[in-house]
Amino acid sequence: MSSSLIQFREDDSARILASKICEAMGIDLQTYLRICISKLNQEAKLPFSMEVDKKTLSAIKAGIAMDKAAAISKAYGNDKMTLDEINAEIDAARKEADSRNNAEKEATGIEADARKITA
C-alpha cells in the first residue's frame, strides 16, 4: 500500500496544546491523526470520543503558560534571575511608585495651599 504526505497549517498554540493532550493519553499527535482518518474511513462519521480529565488539562495548560512566560523572560534577558533578585526588583519598583505617588500628593497639597493663600 502506498502512502502520501498530508500537510496543513495550524496555529502554534493549538498544535502545542493538542500535542500535550495526546502525550497525556500516551500517543503522539501524528498517531492521533492517523487514528482519526482510519476511523473516519471505517465508520463514515466523525471519530470516537477520547477525553483527558479536567485536572490533567489544567496542568497541561499551566505548563504551556509557564513555557510562554519562560520564553518572554528569556527574551528580556532576565531568565537567570533568582527568586531573591526578582523580589528585590519588585520591591524597588514598588518603592519607586510609592515615592512618585507621595511626590504627587505633596505637589497637590502645595498647589492647594497656594490657592488658599491667593484666594
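Above this note sits the structure.
Residues numbered from 1 in each chain as written. Predicted model: local features only at pLDDT ≥ 70, side-chain atom pairs only at ≥ 80, totals over all residues. Heavy atoms only, no water.

Moving on, we get to the overall build of the protein chain. Looking only at helices and strands, one finds four helices and zero strands in the protein chain. Relative to its 119 residues, the protein chain shows a buried fraction of 7%. Sequence separation of 24 or more characterises 56% of the internal contacts of the protein chain that already satisfy a separation of 6 or more. (Helix = DSSP H or I, 4+ residues; strand = E, 2+ residues; numbered from the N terminus. Buried < 20%, exposed > 50% of the residue type's maximum accessible area, 1.4 Å probe, protein only. Contact = heavy atoms within 4.5 Å.)

As a further point, take the packing of helix α1 (residues 12-24) against helix α3 (residues 54-75). Where α1 contacts α3, the two axes come as close as 10 Å, and the packing angle between them is 135°. With respect to α3, the axis of α1 lies oblique. The handedness of the crossing between α1 and α3 comes out as right-handed. For the pair formed by α1 and α3, the contact residues are S13, I16, L17, K20, I21 and A24 on the first element and T56, L57, I60, K61, I64 and K68 on the second. Grouping the amino acids of the contact of α1 with α3 by side-chain chemistry returns seven nonpolar, two polar and three charged. (Axes fitted to C-alpha atoms, helices over the stretch in contact; angles between N-to-C directions. Parallel < 35°, antiparallel > 145°, perpendicular 65-115°, else oblique. Left-handed = near helix turned anticlockwise from the far one by under 90°. Nonpolar A, V, L, I, M, F, W, Y, C, P; charged D, E, K, R; others polar.)

This paragraph deals with α1. Between its terminal C-alpha atoms α1 stretches 18 Å, which fits the 18 Å expected from 13 residues at 1.5 Å a residue. Just downstream of α1 lies G26, where phi reads positive at about 85°. (Expected span 1.5 Å × (residues − 1).)

With that settled, the discussion passes to the pattern of salt bridges. One pass over the full model with this rule turns up three salt bridges. Among the salt bridges present, the one from K80 reaches D79, with a minimum N-O distance of 3.5 Å. Judged by its relative accessible area of 31%, D79 is partly exposed. When the shortest N-O distance is used, the salt bridge between R100 and E96 registers 2.9 Å. Of this pair, R100 and E96 both sit in helix α4 (residues 83-118), separated by four residues, roughly a single helical turn. By relative accessible area, E96 is classed as partly exposed at 49%. (Salt bridge = Lys/Arg side-chain N within 4 Å of Asp/Glu carboxyl O.)

Take a nonpolar patch on the surface next. Residues I6, F8, L33 and I37 make up a contiguous nonpolar surface patch of roughly 400 Å² in combined accessible area. Checked against the element boundaries, I37 lands in helix α2 (residues 29-43). Overall, the relative accessible area of 41% leaves I37 in the partly exposed class. (Patch = residues over 30% accessible without salt bridge, like charges linked within 9 Å, V, L, I, M, F, W, Y side chains within 5 Å. Areas by Shrake-Rupley, 256 points an atom, 1.4 Å probe, with all protein chains shown as cover.)

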